[in-house]
Structure formats: C-alpha cells, structure tokens
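Chain by chain, the residues:
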Amino acid sequence: MPNLLLTGLNHKTAPVEVRERLAVSAQELPQALAALRACPGVDEVMLLSTCNRVEVLASGSDAAALAAEPLVETLARLRQLDPAPLRPFFYVHAGEAALRHLFRVASSLDSMVLGEPQILGQLKEAHAAARQCGAVHSTLESILSRAFAVAKRVRNETAIGRSAVSVSYAAIDLARQIFGDLRARAALIIGAGKMSELAARHLHRAGCGRIFVTNRTRARAEQMAALVSGQVLEFDQFHARLHEMDIVLASSGATEYLIRKDDVKAVLRRRQNRPVFLIDIAVPRNIDPAVDELENAYLYDIDDLGREVEANRKARQREAEEAEQIIEEELQRLLERLRTREVAPVIVNLQQRLDEIAREELERWRGKLGADGARAEALEAYTRSLLNKIAHGPMVEIRRAATSPEGDRILAVIRRMFRLEGE
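Residues numbered from 1 in each chain as written. Predicted model: local features only at pLDDT ≥ 70, side-chain atom pairs only at ≥ 80, totals over all residues. Heavy atoms only, no water.

**Things to note about the packing of helix α7 (residues 167-179) against helix α8 (residues 194-205)**
Step number 1: Look at α7 against α8: their axes get within 8 Å of each other, and the N-to-C directions meet at 40 degrees. Classed by the angle they form, the pair α7 and α8 counts as oblique. Regarding α7 and α8, the two cross each other, and that crossing is right-handed. In this structure, α7 uses Val 167, Ser 168, Tyr 169 and Ile 172 to contact α8, whose residues at the interface are Met 195, Leu 198, Ala 199, His 202 and Leu 203.
Step number 2: For the contact of α7 with α8, a count of residues per class yields seven nonpolar, two polar and no charged. (Axes fitted to C-alpha atoms, helices over the stretch in contact; angles between N-to-C directions. Helix = DSSP H or I, 4+ residues; strand = E, 2+ residues; numbered from the N terminus. Parallel < 35°, antiparallel > 145°, perpendicular 65-115°, else oblique. Left-handed = near helix turned anticlockwise from the far one by under 90°. Contact = heavy atoms within 4.5 Å. Nonpolar A, V, L, I, M, F, W, Y, C, P; charged D, E, K, R; others polar.)

**A closer look at the sheet that holds strand β10 (residues 297-301)**
Strands in a sheet are paired, the pairing made by backbone hydrogen bonds, and the direction either parallel or antiparallel.
Step number 1: Strand order across the open sheet formed by six strands is β7-β6-β5-β8-β9-β10, with parallel pairing between neighbours. Pairing within the sheet leaves two strands with one partner each, and these edge strands are β7 (231-232) and β10. (Pairing = 2+ DSSP bridges.)

**Topic: the side chain of Asp 280**
Step number 1: Relative to the helices and strands, Asp 280 resides in strand β9 (residues 276-280).
Step number 2: Buried charged residue Asp 280 carries no salt bridge. Nearest counter-charge: Arg 285, at 5.5 Å.
Step number 3: A polar contact is formed between the side chain of Asp 280 and the backbone nitrogen of Ile 287, at a distance of 2.8 Å. (Buried < 20%, exposed > 50% of the residue type's maximum accessible area, 1.4 Å probe, protein only. Lys, Arg positive; Asp, Glu negative; His and termini not counted. Salt bridge = Lys/Arg side-chain N within 4 Å of Asp/Glu carboxyl O. Polar contact = N/O pair within 3.5 Å; in protein donor to acceptor, adjacent residues only side chain to side chain.)

**With respect to the sheet that holds strand β2 (residues 44-49)**
Step number 1: The strand order across the open sheet formed by four strands is β2-β3-β1-β4, and the pairing between neighbours is antiparallel. Edge strands, defined here as strands with exactly one partner in the open sheet, are β2 and β4 (91-94). The sheet shows a mean angle of 15 degrees between the axes of neighbouring strands, direction not considered.
Step number 2: When strand β1 (residues 4-10) meets β4, the two strands line up antiparallel, connected through four bridges. Each bridged residue has a counterpart across the sheet, and for Leu 6 the counterpart in β4 is His 93.
Step number 3: In the packing of helix α5 (residues 118-132) onto the sheet, the strands contacted are β2 and β3 (53-59), and the crossing angle to β2 comes to about 140 degrees.

**Observations concerning unusual backbone geometry**
Step number 1: Cis geometry marks the peptide bond from Val 283 to Pro 284, where omega comes out at 0 degrees.
Step number 2: Positionally, Pro 284 belongs in the loop between β9 and β10.
Step number 3: With a phi close to 55 degrees, Gln 80 is a non-glycine residue in the positive phi region.
Step number 4: Checked against the element boundaries, Gln 80 lands in the loop between α3 (68-78) and β4.
Step number 5: The class for Gln 80 is exposed, based on a relative accessible area of 76%.
Step number 6: In this model, Gln 272 sits at a positive phi of 55 degrees, which is unusual for a non-glycine residue.
Step number 7: Considering the arrangement of structural elements, one finds Gln 272 in the loop between α10 (261-270) and β9.
Step number 8: Classification of Gln 272 as exposed rests on a relative accessible area of 70%.

**Considering the environment of Val 228**
Step number 1: Locating Val 228 in the fold gives a position in the loop between α9 (218-227) and β7.
Step number 2: Separated by 54 residues in sequence, Val 228 and Ala 282 have C-alpha atoms that sit 21 Å apart.
Step number 3: Apart from the residues within four sequence positions on either side, Val 228 is in contact with Ala 200, Arg 201, His 204 and Ile 211.

**Remarks on helix α13 (residues 373-401)**
Step number 1: Here α13 contains 29 residues, and its C-alpha end-to-end distance of 41 Å stays within 8% of the 42 Å for a straight helix at 1.5 Å per residue.
Step number 2: For α13, the principal kink sits at His 392 and spans about 35 degrees; a proline, Pro 394, occurs within the next four residues.
Step number 3: Within the sequence span of α13, burial applies to Ala 376, Thr 383, Leu 387, Ala 391, Pro 394, Met 395, Ile 398 and Ala 401. (Expected span 1.5 Å × (residues − 1). Bend = angle between axes of the 7 residues up to and from the residue.)

**Here we look at the nonpolar core**
Step number 1: Counting 65 residues, the largest nonpolar core has Leu 22, Val 45, Leu 47, Leu 71, Leu 75 and Leu 99 as the members making the most contacts within it.
Step number 2: Core analysis: the next-biggest nonpolar cluster, separate from the first, contains 35 residues, Ile 211, Ala 225, Val 283 and Leu 305 among them. (Core = buried A, V, L, I, M, F, W, Y, C linked by side-chain atoms within 4.5 Å.)

**Let's talk about a nonpolar patch on the surface**
Step number 1: Among the surface-exposed residues, Tyr 382, Leu 386 and Ile 390 lie close enough to one another that they form a single nonpolar patch of about 300 Å² accessible area.
Step number 2: Here Leu 386 falls in the partly exposed class, since its relative accessible area comes to 38%. (Patch = residues over 30% accessible without salt bridge, like charges linked within 9 Å, V, L, I, M, F, W, Y side chains within 5 Å. Areas by Shrake-Rupley, 256 points an atom, 1.4 Å probe, with all protein chains shown as cover.)

**Some points on α3**
Step number 1: Residues Ala 68, Pro 70, Leu 71, Val 72, Thr 74, Leu 75 and Ala 76 constitute the buried set of α3.
Step number 2: At the C-terminal side of α3, Gln 80 shows a positive phi close to 55 degrees.

**Remarks on the environment of His 127**
Step number 1: Summarising the element assignment, His 127 is placed in helix α5.
Step number 2: On the basis of relative accessibility, which here comes to 6%, the residue His 127 falls in the buried class.
Step number 3: When the C-alpha atoms of His 127 and Leu 47 are compared, they prove to be 8.1 Å apart, with 80 residues separating the residues in sequence.
Step number 4: With sequence-adjacent residues up to four places away left out, His 127 is seen in contact with Met 46, Val 136, Glu 141, Leu 144 and Phe 148.

**Digging into the pairing of β2**
Each regular strand carries side chains that alternate between the two faces of the sheet.
Step number 1: Counting buried positions along β2 yields five of six residues, so the element is predominantly enclosed.
Step number 2: Two successive antiparallel strands, β2 and β3, enclose a turn made up of three residues.

**Some remarks on the packing of helix α4 (residues 96-106) against helix α6 (residues 138-157)**
Each pair of packed helices can be summarised by the angle the axes make with each other and by the distance between the axes.
Step number 1: At a minimum axis separation of 8 Å, α4 and α6 run at an interaxial angle of 45 degrees. Classed by the angle they form, the pair α4 and α6 counts as oblique. Our pair here, α4 against α6, has a crossing hand that is right-handed. Residues Leu 99, Leu 102, Phe 103 and Ala 106 of α4 lie in contact with α6, whose contacting residues are Ile 143, Leu 144, Arg 146, Ala 147, Val 150 and Ala 151.

**Description of the pattern of salt bridges**
Any two side chains of opposite charge can pair, on the condition that their charged atoms come close.
Step number 1: Tallied over the entire structure, the rule returns 31 salt bridges.
Step number 2: Between Asp 303 and Arg 19 there is a salt bridge, with the nearest N and O atoms lying 2.9 Å from each other. Taken together, the positions of Asp 303 in helix α11 (residues 302-315) and Arg 19 in helix α1 (residues 16-22) put the pair 284 residues apart, joining distant regions of the chain.
Step number 3: According to the relative accessible area criterion, Asp 303 is buried, its value standing at 14%.
Step number 4: A residue is classified by how much of its surface remains accessible, and Arg 19, at 0% relative accessible area, is buried.
Step number 5: Between Arg 153 and Glu 330 there is a salt bridge, with the nearest N and O atoms lying 2.9 Å from each other. Of this pair, Arg 153 sits in helix α6 while Glu 330 sits in helix α12 (residues 317-369), and the two are 177 residues apart along the sequence. Of the two residues examined, Arg 153 and Glu 330, each falls in the buried class.
Step number 6: Through salt bridges with shared partners, a single ionic network connects Lys 12, Arg 53, Glu 55, Arg 104, Asp 110 and Glu 324.

See the structure below:
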C-alpha cells in the first residue's frame, strides 16, 4: 500500500476563528502546494481549503520521512503563525485511515451538514489545482479518482444527497423562521461564489420579494442576479442601501470585515429599529462578530448555522449508515487492489529465483550425464515439476497475503525463506 498521510482541522476540531486564519484562497494555492511539496518525504500533495476544513493529503516513497509535523508547520508559516497553539486542533490519519477519511469527506459524511453536495465539487477543484501545479500524479491521482467514484456511488445508492440541507439552505430556513413570509422582504447577497449562488437560489425559491447582489467583479454579480431575477448593486455603494435590506448574507472572499458594528448601528437607526437578519457564511468572516451585541440585529456565522442544522443529522442517520457500509466495501476493494499490486513483484521474483536454482542444478548434472540427451531431458522435466510443486504453497500464501491483515509478515517470511531480500 502507498505511504499516505492526511492531516488537517475541521469544524469539529477547530472553531471558525482558527479555521479562517489558516484558510488558503485559490490564488494562494500554488504557493502553498509548492511549500508543502518541499516538506521531507513528500512526493505528491493536495490541499483542500473550504469554510469548514483545511486538510493536506500527502504521499511519499519514504514512509519514515513522511510526517504530519512539517506539514502543520508549513501551513502555519504560510500565515505567519506560531504552530504550537494550533497543533491541538489538527488530526492525523495514515494509510488505511487516511483513505477512509478521504472517502467520507468526498461522500459528505464528514460535513457540517450531512449529505451537502458542495464538498465533492470543492474536492475536485482542489484535485485539479494540485494536478495543474504538478503536485499530484500517479499515486494520489488513482486514489482521488477512486474517492470521486465512491462519492458518486453513495449519491446514487442512498437518499443522503436528496435529503441533504446545505448551510446556505439552513440560513434561508432560519430567515423564514424570523420573518415568516419572505415575499415582502428584501435581501442582499454579498459575494458571487458558489455558496452565495446557492443562497440566492434558495431565497428565490422561498419567494423573497427583492434580491440584490453585489460583488467586486460586477460581471459575476450580473450573472448571479440574472439567475434569480435580482438586481446588482455596485460593490463600493452597497453600504448606502443596507438600511433597505431585511436579510444580508455575506459570502465573499474578503480578508477583512465588510460590515462593522457602527455600520449596523446606522442601519438600525434608519430602519427605526426594525430587525435585520445577517448571515455570515464566509471564512474569513465578512461581518464583525460585535454586530451581534446590537438589539434587533440577528447575526449568525457558519458555526451557528452548523448548530442549527445539527438536528437534521439524526433524520438522515439511516442513510448515512448505509453510506458508511458502501465506503467500507469500496475501501476494502481498493486495499485489496493495492495489496495485489504489492505482491506481484514478490511472485515474479520468486519465479525468477526458482528458475535460477533450476538452471544452476541442471548445468551441474548435465556434466555428469555426459551425452545421454534423453536422461538430461527427463531430469529437466523432473526438476521443473518438483520446483513447481515446491512453489505452489508459497504462491498461494503470497496471493492470500494480498487480503490478509498479516500480509506484510507473510511476505517478509517468504522473502527470507527464498533469499528475496534484494526485491
């Protein structure tokens, strides 16, 4: 089996204020991948950075050199952070455990909202970016392809995708709980990425009266607004219209707060203290957390939404259990395939070793038999038959080792018995 290591943190192990400090944007990804690939023992590497997780998947030929500590230190160094206080938030998986975690992430069994579909697309984007940078090739390429196939099977064979609720949907559902009918409400979407687009679609389906979209790149805002019959606000002017909005959803790639406490104070005065609902699903956050201190300002960040939708996990647990069985089945198939690849060289080397022994013995006995060709042929046939029978048992055990928990020990014994240590 290839040497695999996966380390990272997610919404279960680290709060949003930690995750946002380590988040890596698409523009920063090539530099981050280059730095991670330079770590000891790393031959291939992929970095997945989303709102809910930052994970590194690495492989290398030298198992002893491949370790989590240099990867964590590199992630911290990229953000000019001290790695020491960050270490408790990180988990580490190696070998089979790394594969299982990867399959669960791809199948959305490790997501904040069980079954949400965005993670598979994010994982595919991370794979494509790593491949474009030359950081992923043979080993991780085959493993990631298998992970995508497993996720597809989970979606096709269970109802987990059909019954899933995304974070953006949970946000709009919460807006309905606060305002009731949304037909008379106005909403502003800040940012035009995938999460924003999902939220805009959910708002549109929920019957929201007016939807406004603002983004640094106007063309993208126009595209998204067209999908939901919305209107575009210029990014440098949206603050002037904030008082008109009942719902504000922020999901932009900004690295600093776009809306601060004083901004919302002014908005509430102009609204005569009519409530405003603010949803911040960006990482790093777009809205100052201090806004939540204001009366009639209801601010929810991505962790708050995660808690809101936690109850949905129970309703979908039956589907998740079925998905877990699919993952285990696919994992064992992959492990068997990988182990079979490992034992193939041992079989070849054993056959070559036995052929070598046969040739040496036949050459020695030919000199003693002289010109008696018939006896020489008979001896050669006998020698090969005997060696094939001797080899049968070891060959069976080598093939069995491909699926046995004791496979490595069995192979080690056979290598020693037949002097295959150089293999």
